[in-house]
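Summary of structural features
Below, each chain spelled out in residue letters.
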Amino acid sequence: MIIVSLLEYYRFKNLRRFGIKVKIKNDFIELMPEDLERFSKENQAIALKINGEIKDLFYISSLNGSEEIEIITSQSKEGLEILRHSVAHIMAHAVKDLFPEVKVTIGPAIEDGFYYDFDRDIPFTEEDLQKIEKRMHEIVKSKQPFIRKEISKDEAIKLFESLGESYKIEILKEIEDQKVSIYEEGGFIDLCRGPHIPHTGMVKAFKLLSVAGAYWRGDERNKMLQRIYGTAFSTKEELQDYLNFLEEVKKRDHRRLGKQLKLFEITEEVGPGLIIWLPNGAIVRKIIEDFWKDEHLKAGYQLLYTPHIARLDLWKKSGHLDFYRDNMYSPMEIDQISYQIKPMNCPFHIQAYKSELRSYRELPLRFAELGTVYRYERSGVLHGLLRVRGFTQDDAHIFCTEEQLEEEIQKVLDFTIFILSTFGFNDYDIYISTRPEKYVGSLENWENATFALEEALKKRNLPYQIDPGEGVFYGPKIDIKIKDVLNRSWQCSTIQVDFNIPERFDIKYRGKDGKEHRPIMIHRALMGSLERFMGVLIEHYAGAFPIWLAPIQIEVMSISEKHVNYAKKVYDHLVFNGFRAKLNIENEKIGYKIRQAILNKVPYIVIVGEKEIKNNTITVRKRDGENLESIDFEKLIEILMKDIKDKK
RNA sequence: GCCACCGUAGCUCAGCGGGUAGAGCAGCUGAUUUGUAAUCAGCGGGUCGGGGGUUCGAAUCCCUUCGGUGGCUCCA
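Criteria and thresholds
Residues numbered from 1 in each chain as written. Chains lettered and ligands numbered in written order. Predicted model: local features only at pLDDT ≥ 70, side-chain atom pairs only at ≥ 80, totals over all residues. Heavy atoms only, no water. Helix = DSSP H or I, 4+ residues; strand = E, 2+ residues; numbered from the N terminus. Buried < 20%, exposed > 50% of the residue type's maximum accessible area, 1.4 Å probe, protein only. Contact = heavy atoms within 4.5 Å. Areas by Shrake-Rupley, 256 points an atom, 1.4 Å probe, with all protein chains shown as cover. Lys, Arg positive; Asp, Glu negative; His and termini not counted. Charge placed at Lys NZ, Arg CZ, Asp CG, Glu CD. Near = heavy atom within 4 Å. Polar contact = N/O pair within 3.5 Å; in protein donor to acceptor, adjacent residues only side chain to side chain. Nonpolar A, V, L, I, M, F, W, Y, C, P; charged D, E, K, R; others polar. Pairing = 2+ DSSP bridges. Axes fitted to C-alpha atoms, helices over the stretch in contact; angles between N-to-C directions. Salt bridge = Lys/Arg side-chain N within 4 Å of Asp/Glu carboxyl O. pLDDT = per-residue confidence, 0-100. Phe/Tyr/Trp six-rings, centres within 6.5 Å; stacked < 30°, edge-to-face > 60°. Lys NZ or Arg CZ within 6 Å of the ring centre and 35° of its normal. Core = buried A, V, L, I, M, F, W, Y, C linked by side-chain atoms within 4.5 Å. Parallel < 35°, antiparallel > 145°, perpendicular 65-115°, else oblique. Left-handed = near helix turned anticlockwise from the far one by under 90°.

The next thing to look at is the overall build of chain A. The secondary structure content of chain A amounts to 20 helices and 33 strands. Projected onto its principal axes, the C-alpha coordinates of chain A cover approximately 80 × 75 × 55 Å. Buried residues in chain A amount to 51% of all 648 residues. Long-range pairs, those at least 24 residues apart, make up 68% of the contacts in chain A with a sequence separation of at least 6. If you sum the accessible surface of chain A, you get close to 32,300 Å²; carbon and sulfur atoms cover 49% of it. Positive and negative charge centroids in chain A, built from 97 and 103 side chains respectively, lie 3 Å apart.

This is how it looks when you write it as structure tokens:
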């Protein structure tokens, strides 16, 4: 990792040369030990990379000149992680100072900061966090050095026994090495692999954010600990930027915008995790559904509609009752027969496949459905539109031969990317999940299918990562996470190969050879579920839907009552041309009406008054405040039509 | 499901060392006839999430239940 600027490089080029090779950008320079020390100090080094291994900064004194050195500062990803980890220690130190009865457990750096889990019977309050933060500032100010010691495991156990830190002992007992490292800073000792910053004074910007429950070792059978989350950055500005980012996230929260823009509602009376789509949300959904259906027909899919409930036996046969019972609702009795509300669409699509004898000539057969399913989710996991109990999957099942598998997957990938990019998602994290411990189907099947998934991604030049053992029991899968404008990842699309269901339902096709063969099934959802996708879209667009999706595309407003008739005429014309328009002839000042429309995030505002009537024009104001000159009505229609066609 | 916090008018929130409720916005009515992010005035609206308890008296204290929020676990 390169952390020093070129300017500094040239400055240091004049320094005395010695055996220690220091990597700067992609070059190496050689420095005298004392120059290196000065160099690292001036660059706010917090650690060193010695021959590729990250070490504490004090190792600088033990270099013999043959090493390759990189200087790690908190500007780099690795450095920031070290910094945050050190701040976690400082937090634990502060907590122990203030609440000596607390037992410490673990405290790593994470994506956006760090946390530390504590065992304490009394919960931490907001005031406690403030006190802890205050104490942390004191520790930072006193510039306590982080001191690393290597001791034997037995010694460490004795040490932590004397400190009463039973969780540390539990961790120690599972460490295989006989030697462990501990770090001490201002009297606070923690079992830790390191590395750490040289001293606490190097912490420039941190903040404690929240308290939450967390199970010891993440196992819900274990004791619930108290986790304090915090974050740290290399400068105050960066911390402030991050806090601003959190504010922005809050502003875009789809639950808040959903209420404000009257898109959807979740009420206690209906039940948790169940969505009422209000007119504004419903129209957006309808447009997405229409788009989805049209594109599926173009892509060679056939549409299906299937029921919401089916005989329980169907779910026994599909295996869902065995594998998925915990997420299924209780069955209901109808005429002494048990029926089940559907958690999946696949068994129905299988029935459609089985509705006639199939020939290899028909394959691949692609069945698509916006299928609403109901799944039990534990109450604590529900979250707005993103995690619900009733949702509509943009589901499809492709039945194909083994030879067709790879091509079909490629087609699905292309299709997925087309659909996602239409909504402005052009950045993806792609994962292939491979065979888990518990699986069905032959090893050969798995290998072939996994290979097909990989090949498809390679041929499309899509970078991906492997998630080993994370596949579903019935087959490997590709998961695509999209990144929104704030660069947050959302799991939506999934492409899964299924060896299980075709087998269980004994579906077949007649091959060229006249014999019966079993088709392979691909199960895929592009948007995942309409609910989740809409939630992501709302946050992605911050509620300001592009014109092709906007619930109201144009709001026509009159300056005063005198202009109502003309406004009506304009409005009627817009509606006649198929636009979703709103007429605002309220007896209010124009500024007020504009404010309302902007708060409702209407993309186009049309204003008509004396001037417009006289010239037979309209004045257009865009959502972002840009004013189009008074223009001809037909000109507006032209602009709008083009934007809608381009899905802007 | 677990831990913590929260639940007052349609919305956002104030009131909470106990004495049966307020504001702004929204809604309705009227005045105003308006030129690019809030014209003025009046009116209506809540058994303070539900249930139970303590008390002469509970939005306020306690218990319980439902729901929400942040996490943990889970996400076939």
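Read on for the rest.
The full set close to RNA strand B counts 47 residues, and Tyr-215, Met-344, Arg-375, Val-472 and Asn-587 are the nearest of them. Those atoms of RNA strand B that come within 4 Å of the protein belong to sugar or phosphate at a rate of 47%. Between Arg-595 and RNA strand B, the recorded distance is 2.4 Å, taken from a side-chain N or O atom to a base nitrogen. Secondary structure elements with two or more residues in the surface near RNA strand B: strand S12 (205–215), strand S13 (224–233), helix H8 (254–260), helix H18 (590–599), helix H19 (610–615) and strand S32 (618–622). The element best represented in the surface near RNA strand B is H18, accounting for six residues. When its residues are assigned to classes, the surface near RNA strand B shows 19 nonpolar, 11 polar and 17 charged.

On to the side chain of Thr-392. Locating Thr-392 in the fold gives a position in strand S21 (residues 390–400). The exposure class assigned to Thr-392 is buried, which follows from its relative accessible area of 3%. A distance of 2.8 Å separates polar atoms of two side chains, one belonging to Thr-392 and the other to Thr-372. Once residues within four sequence positions are removed from consideration, Thr-392 is found in contact with Arg-285, Leu-370, Gly-371, Thr-372, Gly-528, Ser-529, Leu-530 and Glu-531.

Moving on: the environment of Leu-191. Following the sequence through the fold, Leu-191 ends up in strand S11 (residues 188–191). Note: C-alpha distance between Leu-191 and Leu-172 (19 residues apart in sequence) is 8.4 Å. Non-local contacts of Leu-191, meaning those with residues more than four positions away in its chain, are made with Phe-160, Lys-168, Ile-171, Leu-172, Ile-175, Val-180, Ser-181 and Ile-182.

Attention now goes to the sheet that holds strand S20 (residues 365–374). Strands pair in a sheet through their backbones, by hydrogen bonds, and they do so in one of two ways: parallel or antiparallel. Taking strand neighbours across the sheet as the criterion, the eight strands line up as S16-S20-S21-S28-S25-S24-S22-S23 in an open arrangement whose pairing is mixed. Single-partner strands in this sheet number two, and they are strand S16 (302–303) and strand S23 (465–467). Of the pairings in the sheet, the one linking S21 to strand S28 (residues 520–529) comprises seven bridges and is antiparallel in character. Note that in S28 the partner of Asp-395 across the bridge is Ala-525. In the packing of helix H9 (residues 279–298) onto the sheet, contacts are made with S16, S20, S21 and S28, and the angle to S20 comes to roughly 160°. Across the sheet, helix H12 (residues 346–354) lies against S20, S21 and S28, angled at about 145° from S20, the strand it touches most.

Attention now moves to the pattern of salt bridges. Taken as a whole and assessed by the stated rule, the structure comprises 45 salt bridges. In this structure, the salt-bridge partner of Arg-366 is Glu-408, at a minimum N-O distance of 2.9 Å. Of this pair, Arg-366 sits in strand S20 while Glu-408 sits in helix H13 (residues 405–422); the two residues are 42 residues apart in sequence, bridging distant segments of the chain. One exposure class covers both Arg-366 and Glu-408, and it is buried. One salt-bridge network, held together by shared partners, links Glu-503, Asp-506, Lys-508, Glu-516 and Arg-518.

Here three strands make up an open sheet; going across it, the order is S9-S10-S11 and the pairing antiparallel. Either end of the sheet is taken by a strand with one partner, and the two such strands are strand S9 (147–152) and S11. For this sheet the average axis-to-axis angle between neighbouring strands, irrespective of direction, equals 30°.

So, on to the confidence of the model for chain A. Looking at chain A, pLDDT values average 89 and 93% of them are 70 or higher. The secondary-structure element of chain A with the lowest mean pLDDT is helix H1 (residues 6–13), recorded at 49, while S16 shows the highest, at 97. Interface confidence for the predicted complex, expressed as ipTM, amounts to 0.93; the pTM equals 0.90.

Here the residue pair Leu-363 and Pro-364 is connected by a cis peptide bond, since its omega of -5° sits within 30 degrees of zero. Inspection of the secondary structure assignment puts Pro-364 in the loop between H12 and S20. Unusually for a residue other than glycine, Lys-143 sits at a positive phi of about 50°. Following the sequence through the fold, Lys-143 ends up in the loop between helix H4 (126–141) and S9. For Lys-143, a relative accessible area of 54% gives the class exposed.

This brings us to the packing of aromatic side chains. Under the definition given, this model contains 24 aromatic pairs. Aromatic side chains Phe-99 and Phe-124 sit 5.6 Å apart centroid to centroid with 70° between the ring planes, which places their arrangement in the edge-to-face category. Taken together, the residues Phe-99 in the loop between helix H3 (77–98) and strand S6 (103–104) and Phe-124 in the loop between strand S8 (113–119) and H4 connect sequence positions 25 residues apart. On the accessibility criterion, Phe-99 (9% relative accessible area) is buried. Using a relative accessible area of 7% as the deciding quantity, one classes Phe-124 as buried. Aromatic side chains Tyr-329 and Tyr-376 sit 6.3 Å apart centroid to centroid with 85° between the ring planes, which places their arrangement in the edge-to-face category. Here Tyr-376 lies in the loop between S20 and S21 and Tyr-329 lies in the loop between helix H11 (320–324) and strand S18 (332–334), a separation of 47 residues in the sequence. Members of the aromatic cluster, connected to one another through ring pairs, are Phe-291, Phe-418, Phe-423, Phe-425, Phe-533 and Trp-548. Just above the ring of Tyr-353 sits the side chain of Arg-358; from NZ or CZ to the centre is 5.4 Å.

In terms of nonpolar packing, the biggest core is built from 64 residues, with Ile-409, Phe-423 and Leu-549 touching the most fellow members. Examining the composition of this core, we find that seven residues originate from one element, H13, more than from any other. Residues contacting Leu-549, with those up to four places away along its chain left out, are Val-284, Ile-287, Ile-288, Phe-423, Leu-537, Tyr-541 and Arg-580. By size, the runner-up hydrophobic cluster in this structure holds 36 residues, among which are Leu-83, Ala-88, Tyr-116 and Leu-208.

Running from N to C, H9 and H13 cross one another at 150°; their axes reach a closest spacing of 12 Å. As far as their axial angle goes, H13 and H9 are roughly antiparallel. The hand of the H9/H13 crossing is right-handed. Residues Phe-291, Glu-295 and His-296 of H9 lie in contact with H13, whose contacting residues are Phe-415, Phe-418, Ile-419 and Thr-422. Taken together, the residues of the contact of H9 with H13 break down into four nonpolar, two polar and one charged.

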